[in-house]
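Okay, here's what each chain looks like letter by letter:
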Amino acid sequence: MMGKISGQMQMLLIDINELVPENHLLKQIDRIVDFAFIYELAAPYYAAKGRKSIDPVTLIKMLLVGYLYGIKSERRLVEEVQLNIAYRWFCGLELSDKVPEHSLFSQNRRRRFHDNTLFQDIFNEIIVKCIEQGIVTGENVVSDGSFIPANVSGGSKIEVKQTVLKSTVHYLDELDKELSEERGYRAPEPTEKEVTVLKSQTDPECGYIHQERKKGLGYLTQMTVDTTNGIVTGVDCYPANRRESDIVLEHLKRIKVDTGLRIKKLALDAGYDVGAVHRGLEILGITGYISRREFHNAAMRKGFTYWPENDCFLCMKGHHLRFESLVYKKTSQGYYRVYSRLRSKCKGCEYLSHCAMDRGRIRINASPFFPAFYANMQRCETSAYKATIRLRAIWSEGAFAVLKREHNLKRARKRDIHRVREECLLSALGLHLKRMVKAQAPLSGAGFSPIAISFFLHKGLLVPLFI
């Protein structure tokens, strides 16, 4: 006999909680993270009187669902929450509740959450909880920058002439203070210069980058990842034309101030092989393992060696070239250290023709922070360097790959740097929540903890699976 649905209406009492499986990702997230802290963080942005707004926790959770599951459109997000019972339950919506309209996100972003730190505060609170639970340790950390194409067309690109103040690069306040106390220091002399830059008419805050593997209008996001469980501990966003080495120290300092995380070891690629970065890491109490560039000090190529205990160079005959003073070069707006020895003391030396000379002295010019630069060169010869650089390739490059592939960070969907930073933070939070769930449970079927997995990755015994 052929069956047929009667179509008769029924009255049912349903507990939406019972419809969501216990092993569902959203239910596991709900068990380990209490999002009630958002009320306190959001309170300053709401009026004390007036009509009640949509629950801010519901709004934030809906956004997180979008980044957790790679839902690229807020219109589509509203449709998915409307239809998906698990999404409804996670956002605190009953089956009979109306799902907030997509326009509420843009209105809150424009009126209430514009140009404030709410999303950064939420991000920091989650990191603090990870530190308290031991999911983030700071033992081994990696950092890198990645290009995010802006939400603009190629036709919006225009050339703009502007006057810029050319001065020395600012890396860190403590670094500037230390440099100013060096012998021979002279205050920089900023000069105005007219330059032609490429801008976008639709998003003037993005920058243009032209490199071998990156080209176009966009933003640079700097992220730092704790390798214990792959948690992103810091997120910053800049125009794409900024250099990664210029921004990394302030980025790391902000992580320490905002979350209290004390980073012990940090791995960076060769783009950060700058004396100021090496010394800045020392000031921040971080042991840096930075890949070396192809070049090194010209004097060392000729056979000179550096003696770190006395901060001096030794020539091929074993004579000392001691630190003389710091020199400011106005044309490049930079500083360098001068090590020298009187030429008269080297008469008859068979290596004299190999030495650089200036005003009757044998002279070596080096980075203004050469001692720290040299210390990193020495660390590059150790097994610890190889281990941390391997972790960087796994967790830093792997994190960006999964963020772009699964968490809406392949291309900016919004415009202006504040909103793109919001996208970066929410994308990182989506990855956080998945990895926090994974960190709280052993590897299925194998019994390996996340720490054991990290150990095996060190030894090259496991192929990492990024979730």
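Refer to the structure above for everything that follows.
Residues numbered from 1 in each chain as written. Predicted model: local features only at pLDDT ≥ 70, side-chain atom pairs only at ≥ 80, totals over all residues. Heavy atoms only, no water.

Q: Would you take a moment to explain the overall build of the protein for this structure?
A: Looking only at helices and strands, one finds 15 helices and 14 strands in the protein. With the C-alpha coordinates of the protein rotated into their principal frame, the extents come out at 110 × 55 × 45 Å. Looking at the protein as shown, the accessible area adds up to about 24600 Å², and 51% of this sits on carbon and sulfur atoms. Taken together, the 70 basic and 53 acidic charged side chains of the protein have centroids lying 5 Å from each other. (Helix = DSSP H or I, 4+ residues; strand = E, 2+ residues; numbered from the N terminus. Areas by Shrake-Rupley, 256 points an atom, 1.4 Å probe, with all protein chains shown as cover. Lys, Arg positive; Asp, Glu negative; His and termini not counted. Charge placed at Lys NZ, Arg CZ, Asp CG, Glu CD.)

Q: Please explain the packing of aromatic side chains as it appears in this structure.
A: Aromatic rings considered in pairs are described by the distance between their centres and by the relative angle of their planes. All chains considered together, the criterion is met by 13 aromatic pairs. Pairing Tyr306 with Phe370 gives two aromatic rings, centres 4.9 Å apart and planes at 80°, and the pair type is edge-to-face. Of this pair, Tyr306 sits in strand β9 (residues 305-307) while Phe370 is found in helix α12 (residues 370-379), placing the two residues 64 residues apart along the sequence. Each of the two residues, Tyr306 as well as Phe370, counts as buried. Ring centres of Phe313 and Phe370 lie 5.3 Å apart, and the angle between their planes is 40°; on these two criteria the pair is classed as tilted. Of the two residues, Phe313 sits in strand β10 (residues 312-314) while Phe370 sits in helix α12, which places them 57 residues apart along the sequence. By relative accessible area, Phe313 is classed as buried at 0%. In textbook terms, an aromatic cluster arises when at least three aromatic residues are bridged by ring pairs, as seen for Tyr306, Phe313, Phe323, Tyr339, Phe370, Phe373 and Tyr374. (Phe/Tyr/Trp six-rings, centres within 6.5 Å; stacked < 30°, edge-to-face > 60°. Buried < 20%, exposed > 50% of the residue type's maximum accessible area, 1.4 Å probe, protein only.)

Q: Sorry if this is basic, but what is going on with the packing of helix α1 (residues 25-32) against helix α14 (residues 417-439) here?
A: Each packed pair of helices is defined by two parameters, the angle between the axes and the distance between the axes. Two elements in contact, α1 and α14, have axes whose closest approach is 10 Å; the angle formed by their N-to-C orientations is 80°. Taken together, the axes of α1 and α14 are roughly perpendicular relative to one another. Facing α1, whose interface residues are Leu25, Gln28, Ile29 and Ile32, α14 presents Leu433, Lys434, Met436 and Val437. Partitioned by chemical class, the residues of the contact of α1 with α14 number six nonpolar, one polar and one charged. (Axes fitted to C-alpha atoms, helices over the stretch in contact; angles between N-to-C directions. Parallel < 35°, antiparallel > 145°, perpendicular 65-115°, else oblique. Contact = heavy atoms within 4.5 Å. Nonpolar A, V, L, I, M, F, W, Y, C, P; charged D, E, K, R; others polar.)

Q: Can you walk me through the packing of helix α7 (residues 118-132) against α14 in this structure?
A: As a packed pair, α7 and α14 sit with axes 10 Å apart at the nearest point and diverge in direction by 25°. On the basis of the axis angle, α7 is roughly parallel to α14. Handedness of the crossing formed by α7 with α14: left-handed. Every residue of α14 that contacts α7 at Phe119, Gln120, Ile122, Phe123, Ile126, Ile127 and Cys130 is listed here: Glu422, Leu425, Leu426, Ala428, Leu429, His432 and Met436. Along the lines of polarity and charge, the residues of the contact of α7 with α14 split into 11 nonpolar, two polar and one charged. (Left-handed = near helix turned anticlockwise from the far one by under 90°.)

Q: Any chance you could explain the nonpolar core here in plain terms?
A: Proteins that are soluble and globular tend to have nonpolar side chains buried together. Ranked by size, the top nonpolar core spans 106 residues in total, and within it Phe35, Leu252 and Leu281 carry the most contacts. Element by element, the count of residues in this core is highest for α14, at 12 residues. Excluding residues that lie within four positions of it along the chain, Phe35 makes contacts with Ile29, Val57, Lys61, Leu64, Phe90 and Leu433. Phe323, Cys346, Leu352 and Ile364 belong to the second-largest nonpolar core, a separate cluster that totals 19 residues. (Core = buried A, V, L, I, M, F, W, Y, C linked by side-chain atoms within 4.5 Å.)

Coordinates in, geometry out; function isn't part of it.
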